[in-house]
Amino acid sequence: MTTLATTGAATAATTAARPAPGALAAVPDRRLSLLKPTGRLTLGNYLGALRPMVAAQDALPDPSAQCFYGIADLHALTVEHSPEELRSRSLELALTLLAVGLEPSTLFVQSHVPAHRQLSYLLECVASTGELNRMIQFKEKGRGVDSTRTSLFTYPVLMAADILLYSPRQVPVGEDQRQHVELTRDLALRFNRTYGEVFVVPEIATPAAGARVMALDDPTRKMGKTGSQEAGTIHLLDDPDTIVRKVSRAVTDSETGPDAVRRDRDAKPGVTNLLEILAACGGSAAGVTTYGALKRTVADAVVAELEPVQARYRALAADLTHVSAVYAEGAARARAVSEPVLAAATAAMGL
Ligand code: AMP
């Protein structure tokens, strides 16, 4: 799950009244992005989510005040889980977010900020079972299963809380998350109508198309943290030999000849995926005419791209007290923004 939001309304929801339209425009953008600590992070996560988060941060004048990048550990509890594995995945993600170049002052862990689950409960008292029943992800993940965790049913409400606590004006989402943001809007509108104007109702924005990395063994499927074959997935922390081996076994096609190395998403999905990975990693296929040479070039580019991230990751892993301090500060910062919103919602409901 990723929530990517921009907000210009840093103060909007800290008061029960909505600010004048001009006041919103005067406040700089804020980004909100939460990543779920399940599965091992992949090259797809890196190119499609983490690197764009760094780019967004670097383009903003005051990332500490404008970026809220979180580890959505509460969302990892919606299916059967192992506490030990969740802890290690959360730590891996915490280290990775720092290793890829995100500013320490932009990071926080969702479960360290109690307002997320507190507001989630209040919003559950605004949401109806009918609208949660219509959530596609619940229908898909719960299909054929006699009994799922209740949280799989209610997590879209937690997502709404995640978003509304940071008062975004805009939430750029892909199609798979659109329904969640529509629910967020519906809940915010209903709450404001019923209990008074507390929440900024976010607009749904269409994000710029990001890199979409496909599985190496089946280039018609996304390279995913879960559900993909190990052979088709490059993990962020794979060592160079493993990366070379996986890329060398990537599925291509049987075309030969001087023009075989070219992009054609429909007819040549494997080769196209390799070329796109190469371009995203700053490499070039100029002069490359065989698939063997292409794979070597791609593997070199991926290794070169990931090596500095892995080196920083190892250095960070050697001193976890530093990492804990980063996330403690992040929790304080996220609380300072989210608690007034929660307080306004709590008071508006008569508690
Ligand atoms: P997920 O791993 O599905 O929870 O996704 C976390 C983030 O990584 C989301 O922003 C996804 O869009 C992004 N992401 C995951 N897999 C890929 C992929 N294969 N290509 C590009 N982006 C991806």
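Above this text sits the structure in question.
Rules of the game
- Along every chain, residues carry numbers that run from 1 in the direction the sequence is written.
- With the structure being a predicted model, the display of local features is reserved for residues of pLDDT at least 70 and the display and counting of side-chain atom pairs for 80 or more, all residues being used for whole-chain, interface and lining totals.
- To get the side-chain values, take all heavy atoms of the structure and skip hydrogens and water.
- Only a single heavy atom is needed: when it lies within 4 Å of a molecule or strand, its residue is near that molecule or strand.
- Polar contacts, as used here, are pairs of N or O atoms within 3.5 Å; protein pairs need one atom able to donate a hydrogen and one able to accept it. Residues neighboring in sequence count only if both atoms are side-chain atoms.
- Per-residue accessibility takes into account occlusion by the displayed protein chains alone, with areas from the Shrake-Rupley method and a 1.4 Å probe.
- Labels follow the DSSP assignment, with helices taken as runs of H or I lasting at least four residues and strands as runs of E lasting at least two, numbered in each case from the N terminus.
- Classification of residues uses two cut-offs on accessible area relative to the type maximum, computed with a 1.4 Å probe and protein chains only: under 20% is buried, over 50% is exposed, and between them is partly exposed.
- A pair of strands is treated as paired once DSSP finds two or more bridges between them.
- Handedness of a crossover is defined as follows: with both strands directed away from the viewer, a clockwise route from the first strand across the helix to the second makes it right-handed.
- Residue contacts are counted whenever heavy atoms from the two residues lie within 4.5 Å of one another.
- To pair, rings of Phe, Tyr and Trp, with the six-membered ring standing in for Trp, must have centres within 6.5 Å; the planes then decide the type, stacked if under 30 degrees apart, edge-to-face if over 60, and tilted in the middle.

A. Geometry of the site of the ligand. In the vicinity of the ligand, 13 residues are found, and the nearest of them are Asn45, Ala211, Val213, Met223 and Lys225. At a separation of 3.2 Å, a nitrogen atom of the ligand approaches a polar backbone atom of Gly44. A distance of 2.7 Å separates a nitrogen atom of the ligand from a polar backbone atom of Met223. For the ligand, the protein covers 78% of the area, taking 480 Å² as the surface of the free molecule. For the shell around the ligand, the element with the most residues is helix H2 (residues 43-59), which contributes four residues.

B. Inspection of the pairing of strand E3 (residues 67-71) at higher detail. With five of its five residues buried, E3 lies for the most part within the structure. Taking every second residue as pointing to the same face, both faces of E3 are buried, with Cys67, Tyr69 and Ile71 on one and Phe68 and Gly70 on the other. The sheet contact formed by strand E2 (residues 30-35) and E3 spans five bridges and is parallel. In the strand pairing of E3, Arg31 is matched with Cys67. The parallel pair E3 and strand E4 (residues 107-109), bridged by helix H4 (residues 83-99), forms a crossover whose chirality is right-handed.

C. Representation of the side chain of Asp238. Following the sequence through the fold, Asp238 ends up in the loop between strand E6 (203-205) and helix H10 (240-248). For Asp238, a relative accessible area of 5% puts it in the buried group. One polar contact links the side chain of Asp238 to the main-chain amide nitrogen of His235, over a distance of 2.9 Å. Apart from the residues lying within four places of it in its own chain, the contact partners of Asp238 are Arg40, Thr233, Ile243, Lys246 and Gln310.

D. Inspection of the packing of aromatic side chains at higher detail. All told, the structure shown has six aromatic pairs when counted by the stated rule. Centre to centre, the rings of Phe68 and Phe108 are 6.5 Å apart; their planes meet at 70°, and the pair counts as edge-to-face. Placement of the pair is Phe68 in strand E3 and Phe108 in strand E4, with a sequence separation of 40 residues. Summarising the burial analysis for this pair, Phe68 and Phe108 share the class buried. Here the aromatic rings of Phe108 and Tyr166 are separated by 5.8 Å at their centres, their planes lie at 40°, and the arrangement is tilted. In this pair, Phe108 is assigned in strand E4 and Tyr166 in the loop between helix H8 (150-164) and strand E5 (170-172), connecting sequence segments 58 residues apart. Assigned by exposure class, Phe108 and Tyr166 land together as buried.

Remember that the coordinates give geometry; whether it matters functionally is a separate question.
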